Amino acid sequence: MPVPCLRVSAPARSPRLPRLAPALALLLLLAALAAPQAQAQTRQQLYSRALESFQWVMAEESRANRRDLWAKVIERFEAVLRAGTDTEYAPKALYYIGRSNEELALRSGLRSDAVRAADAFQRAANRFPPGHSWVDDCLYRKAEVTWLRLGDGRTAAADLRELLAAYPGGDQARAANTLLARISGTAQAPKTTAAPKAAAPKAAAPTLPPPSTAPATITPKIRAAYDRATADFQTLKKATGTPPAKLRDNAARLGEIYRTIPRTTLGARAAYFAGFASEEAGDRSGDRNDYALAAEYYARAADAFDRKDSWRDDAIFRKAQTAYRHLGDEDKAYADLLLLTAEYPDGDQAEQARALLREMDQARAQALPQPEGPMTPPPAATQSPAPEAVASGSFGEAPGPGVLTGVRYSSGDDFTRIVLDLTGPVAFKHARLPADPAQGKTHRMYVDLDKTTLGTELKRKVEIPGGFLQSIRAGQNTPSTARVVLDFKDDQEYHVLALSDPSRIVIDVFASQSVAQDKKDQQRTAARPTSPPAAPAPADDDRTPGKKEATTAHDVLAQLGMTVRTVMIDAGHGGRDPGALQYVTTKDNKGRAKKTIRTKEKDIALRAARILGKTLQERGYNVLYTRTDDTKIQLEDRVLAANIKKADLFISLHCNANNSSSVRGFETYYLGKARNDIVLRLAAKENNVDPVKISDTQKIVMDLVHSFKIEESKVLAQHVQKNCVRQLSAKYKGIVDHGARSAPFFVLIGAKMPAVLVEIGYITNPAEADLLRSDAYLQRVSDGIAAGIDSYRQELQSVRL
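What counts as what
- Residues numbered from 1 in each chain as written.
- Predicted model: local features only at pLDDT ≥ 70, side-chain atom pairs only at ≥ 80, totals over all residues.
- Heavy atoms only, no water.
- Helix = DSSP H or I, 4+ residues; strand = E, 2+ residues; numbered from the N terminus.
- Expected span 1.5 Å × (residues − 1).
- Buried < 20%, exposed > 50% of the residue type's maximum accessible area, 1.4 Å probe, protein only.
- Arc of directions from axis to C-beta.
- Salt bridge = Lys/Arg side-chain N within 4 Å of Asp/Glu carboxyl O.
- Phe/Tyr/Trp six-rings, centres within 6.5 Å; stacked < 30°, edge-to-face > 60°.
- Lys NZ or Arg CZ within 6 Å of the ring centre and 35° of its normal.
- 1 Å grid on protein atoms, 1.4 Å probe; cavity = no way out; pocket = protein on both sides within 12 Å on 5 of 7 lines; lining within 4 Å.
- Points joined across faces, edges and corners; volume = space filled by probe spheres on them.
- Nonpolar A, V, L, I, M, F, W, Y, C, P; charged D, E, K, R; others polar.

A.B. asks: What should I look at first to understand helix α10 (residues 220-238) in this one?
C.D. replies: Two residues of an α-helix separated by three or four positions point the same way, owing to the 3.6 residues in each turn. With 19 residues, α10 should cover 27 Å at 1.5 Å per step; its first-to-last C-alpha distance of 27 Å lies within 8% of that length. Those residues of α10 that sit buried are I222, Y226, A229, T230, F233, Q234, L236 and K237. Axial view of α10: buried residues confined to an arc of 165°, hence all on one face. Opposite the buried face of α10, by more than 90 degrees, sit the exposed residues P220, K221, R228 and T235.

The following block contains the structure:
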């Protein structure tokens, strides 16, 4: 454009401007149309480049064993996410981030790699459109990692059932049925990530045919057999649901090649892959013999390789890792790791070997023996619990004899919830015990259950690999007192709360601020390359990102939950818990007054949840439910379901109640302190505890004011409340706006995402009860909640911009 045109201050002074204006408008329009196309092309290029990197690393085992190359692959898929989390490439990128971490977990045995894989698979499943052909793959791979690598059969089984319900004829259905049958029929998951107990018996060395003593000659036939066997192994390893028998057959073929040419490099590699195939068979079968065979093949490969061969340290590391994690032979593993670090101090397995040595040293230093007989606390001189840490409690009902039937837990990076299941209410006390390094004891806390015995099928010790909680132990401290001990890795904060119907004690443990920050720092740096790749990766910008860029990239990935796409809807109460009730008085045929139940909160909440779910799906959200039928879900399990499923928001639906039938109104709550007695009584009702005991929850909440996205939850509650009242007031008269309030609702404690509880009306008010039974009213409520979520989402986006 000529420069003079830029100087014109008014159209009247230049006759050329009117003629140029249409051209300017056309140029702007073309630019606006081209921008999305260019952006889409950039996203496609980023995804294609990342996928090429993934395939390049997977194509050769020597590259697939390089952690730094996998870090580069993950970094490229993260770039796809940064380009837009709502594009078609975002869920695919998340899937491949999961696959990359899964491959790392297969090779490292690290729990952190497996956790990141499961997390990415779940987020990918959340972000694919419902019914997408990749969702069942995501769910299956998450279940497989969760079961085989993390030992969590309960979560894995839930994912598999969800897969089979949604994709009964899908390509993963058969494998899902097989894996579900294995989980249901096996008491414990194979120990693939946690260190085995010291008492585990050592496997006898398998009997392998001796190698040939004849002169080794690598014929074209042998080389072709090796190429076919290794190619088949890669196919079997990558395939979902590969039967262990096929991997065993593959290992046998490779083993035969090794025995034919044992003193050659090709023979040593055949032994290595025979071990790898046997290890994969063990991962799928849980059979100890598979792992024992793998260790023997790795040992023979290490002996056959030349000492300068870059494969030898890989064979030694895999042998040590198999011995430690699967066979309980800690001494042999420790010796092999020391040998590796001494002979290959700068090798590509040295850092992993040193990390495993540190893990073994820490496990030895912190190991606490399984209690036998009474669990007597340390003498007063060493115990000395802080006075403020000693507390006692009981249930609202009269405490009496009970049985501790179960100990269960759900754990995250900075929060663990332990639930002690009891046959009835019992009196209890809890105290903190300081560390005693001289006795090899870490920081602990215990709960003593009065007049309680241990159930016959109760597991006495539960190891918790990773995280900040080490183990949970249960024992009969005295003939009339059961004791549960939590072993911490460091001094931790905890809170104890008794819940009823059924009777249980909930212990929430929170990581210290330093531990939580360390976790964040580890997540930010976990995927950064540790050394330059040995071979050139696919073409890319070789510019090394600065510290600020790398930190921002990992922060974006860590905060994907803030990209509001998946909503977990919680229909309150259910099953034997009806919630609030509306009673009506009628007369029988003899004229006598008769009081009957007309409306149950659990039914209204479920109908509202279904309507809200449909409304959100029509707006493009992915919807999950804590319950879809008349089932009782425990309070402590509702928000944990949202955490496990990596939901972006948690919405709990309820109906309010009051002794006065004239009280009515609409209100939305977020976690916080109750401001008045009315709200406190409501919290007691929803928490299903005695109003006298609700103060315990208040104390817990006051300690959580900086946790669990409370500030974000407050903003979400305000948006939901405002939009619901607006929607309802446009059609119905007498809608009372009680506002967005804070309250100590237990169902919201532990949420890793913004979480609110919506009281959609008073079931005890006749007029509002009539509205609550109306689908038209519930649809208006759903429209308001959906509009509130949209508004909240828009605010998030504007803040980021």
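Having seen the model, we can carry on.
A.B. asks: What exactly am I supposed to notice about the pattern of salt bridges here?
C.D. replies: Side chains bearing opposite charge may pair, as long as their charged atoms lie close to each other. In this structure the tally under the stated criterion is 42 salt bridges. A salt bridge links R149 to D283, with the shortest nitrogen-to-oxygen separation between them at 2.5 Å. Taken as a pair, R149 in the loop between α7 (135-148) and α8 (153-166) and D283 in helix α12 (residues 265-285) lie far apart in primary sequence, 134 residues in all. Overall, the relative accessible area of 7% leaves R149 in the buried class. Salt-bridge contacts for R607 lead to D775; the nearest nitrogen and oxygen are separated by 2.6 Å. In this pair, R607 is assigned in helix α20 (residues 601-618) and D775 in helix α26 (residues 775-800), connecting sequence segments 168 residues apart. For D775, a relative accessible area of 45% translates into the label partly exposed. In the salt-bridge network here, residues are joined through shared partners; they are E61, R99, E102, E103, R107, R141 and K237.

A.B. asks: Help me out: how do you make sense of unusual backbone geometry in this one?
C.D. replies: With the exception of glycine, the majority of residues adopt a negative phi angle, and the majority of peptide bonds are in the trans configuration. Located in the positive-phi region is K451, a residue other than glycine, with phi close to 50°. Mapped onto the fold, K451 is located in the loop between β5 (444-450) and β6 (452-454). Accessibility expressed as a relative area gives 48% for K451, which makes it partly exposed. Positioned with a positive phi, H573 is a non-glycine residue whose angle comes to about 60°. Relative to the elements of secondary structure, H573 occurs in the loop between β12 (566-571) and β13 (581-587). On the accessibility criterion, H573 (6% relative accessible area) is buried.

A.B. asks: Would you mind going over the packing of aromatic side chains with me for this structure?
C.D. replies: For any two aromatic rings, the description comes down to two numbers: the centre-to-centre distance and the angle of the planes. In total, this model carries 20 aromatic pairs according to the counting rule given. Pairing F273 with W311 gives two aromatic rings, centres 5.7 Å apart and planes at 75°, and the pair type is edge-to-face. Pair noted here: F273 is in helix α12 and W311 is in the loop between α13 (288-304) and α14 (312-325), with a separation of 38 residues, a long-range link. Judged by its relative accessible area of 5%, F273 falls in the buried class. With 5.2 Å between their ring centres and 80° between their planes, Y669 and F745 make a pair best called edge-to-face. One end of the pair, Y669, is in strand β17 (residues 666-671); the other, F745, is in the loop between β18 (737-743) and β19 (755-762), and 76 residues separate them in sequence. Like F745, Y669 is buried. Ring pairs connect the aromatic residues Y47, F54, W70, F77, Y89, Y95, Y96, F121, F128 and W134, which therefore count as one cluster. When the ring centre of W134 is taken as origin, the NZ or CZ atom of K92, which lies over that ring, is 5.4 Å away. Sitting above the plane of the W311 ring, R269 keeps its charged end 4.2 Å from the centroid.

A.B. asks: Explain empty space enclosed by the protein to me, please; I cannot follow it from the model alone.
C.D. replies: Empty space left among the atoms is revealed by rolling a probe the size of a water molecule over them. Applying the stated criterion across every chain, the model contains 8 cavities of 30 Å³ or more. Approximately 160 Å³ is the volume found for the largest cavity. Lining the largest cavity are 16 residues, and of these E102, L106, E144, E280 and R284 lie nearest its centre. At the level of elements, α5 (89-108), α7, α10 and α12 are the ones that each hand at least two residues to the lining of the largest cavity. Grouping the amino acids of the lining of the largest cavity by side-chain chemistry returns 4 nonpolar, 1 polar and 11 charged.

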